[in-house]
Amino acid sequence: MVEGRAPRASPVDWCRQGAALCRRVYGPVMPRLLESVQALHPDLATWMVEQGYGRVLSRPGLGARERELVTVAVLAQSGWERQLVSHLLGAARLGAEPRSIRRAAALGARSGSLKRSCSVRGGPRSARRGEHATRPRARLTVLQTGP
């Protein structure tokens, strides 16, 4: 083992850790989620639990709550609203304070609006090209209650 690194986990460990974290994030809707993902492709559900939740999201460093708040910000930024709702609830299930959840969502939404209003070089988008500074977004309300 290299000093400062955790011992290597196996795919069996990743499956166990991933399933546990997935249950914490998705709660009672986890079976329905896995069924939907399996309908896309059976290997995708296995990959999601083993690699996504087990190997990546369960690794040392940030705690599950903090990772879920980062996920909320990223999803708010990128406009993946259906997934955002799942992870807003997931953050609450992991014990994030409603204020922290709202701040993560607002930060991501603000970042997304800024990104869409600027070109790659950082200047304003050209009106001649018919680009819009922002795209329509559904308004999301974060629950005022805890998990």
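Before reading on, note that the structure itself is shown above.
In what follows, the accompanying structure is described. Since the model is a prediction, treat every value here as computed from it, not as a measurement.

Per the stated rule, a full pass over the model turns up one salt bridge. In this structure, the salt-bridge partner of Arg16 is Asp13, at a minimum N-O distance of 3.3 Å. Of this pair, Arg16 and Asp13 both sit in helix H1 (residues 11-26), three residues apart, which is roughly one turn of that helix.

Below, the discussion takes up a nonpolar patch on the surface. A cluster of nonpolar residues, Leu40, Leu44 and Trp47, forms a patch on the protein surface that exposes about 360 Å² of accessible area. Position of Leu44 relative to the elements: it lies in helix H3 (residues 42-56). Judged by its relative accessible area of 35%, Leu44 is partly exposed.

Before going further, it helps to spend a moment on the side chain of Arg67. Tracing the backbone through its elements, the reader meets Arg67 in helix H4 (residues 64-78). Within the buried set, Arg67 has no salt-bridge partner at all; the shortest N-O distance to an opposite charge, 7.4 Å, is to Glu66. Setting aside chain neighbours within four positions, we find Arg67 in contact with Val56, Leu57, Arg59, Pro60, Gly61 and Leu62.

The contact between H1 and H3 brings their axes to 7 Å, and the two run at 80°. By the angle between their axes, H1 is roughly perpendicular relative to H3. Residues Pro11, Trp14, Cys15, Gln17, Gly18, Ala19, Leu21, Cys22, Val25 and Tyr26 of H1 lie in contact with H3, whose contacting residues are Met48, Val49, Glu50, Gln51, Tyr53, Gly54 and Arg55. When its residues are assigned to classes, the contact of H1 with H3 shows 11 nonpolar, four polar and two charged.

Next up on the list: the nonpolar core. Counting 14 residues, the largest nonpolar core has Cys22, Val25, Tyr26, Leu34, Met48 and Tyr53 as its most contacted members. The set of elements that each furnish at least two residues to this core consists of H1, helix H2 (30-40) and H3. Per-element accounting of this core gives the leading share, five residues, to H1. Among residues more than four places away in sequence, those in contact with Tyr26 are Leu33, Tyr53, Ser86, His87 and Arg93. Formed by 12 residues, the second largest nonpolar core is a distinct cluster that contains Leu75, Leu84, Ile101 and Ala104.

Criteria and cut-off values
- Residues numbered from 1 in each chain as written.
- Predicted model: local features only at pLDDT ≥ 70, side-chain atom pairs only at ≥ 80, totals over all residues.
- Heavy atoms only, no water.
- Salt bridge = Lys/Arg side-chain N within 4 Å of Asp/Glu carboxyl O.
- Helix = DSSP H or I, 4+ residues; strand = E, 2+ residues; numbered from the N terminus.
- Patch = residues over 30% accessible without salt bridge, like charges linked within 9 Å, V, L, I, M, F, W, Y side chains within 5 Å.
- Areas by Shrake-Rupley, 256 points an atom, 1.4 Å probe, with all protein chains shown as cover.
- Buried < 20%, exposed > 50% of the residue type's maximum accessible area, 1.4 Å probe, protein only.
- Lys, Arg positive; Asp, Glu negative; His and termini not counted.
- Contact = heavy atoms within 4.5 Å.
- Axes fitted to C-alpha atoms, helices over the stretch in contact; angles between N-to-C directions.
- Parallel < 35°, antiparallel > 145°, perpendicular 65-115°, else oblique.
- Nonpolar A, V, L, I, M, F, W, Y, C, P; charged D, E, K, R; others polar.
- Core = buried A, V, L, I, M, F, W, Y, C linked by side-chain atoms within 4.5 Å.

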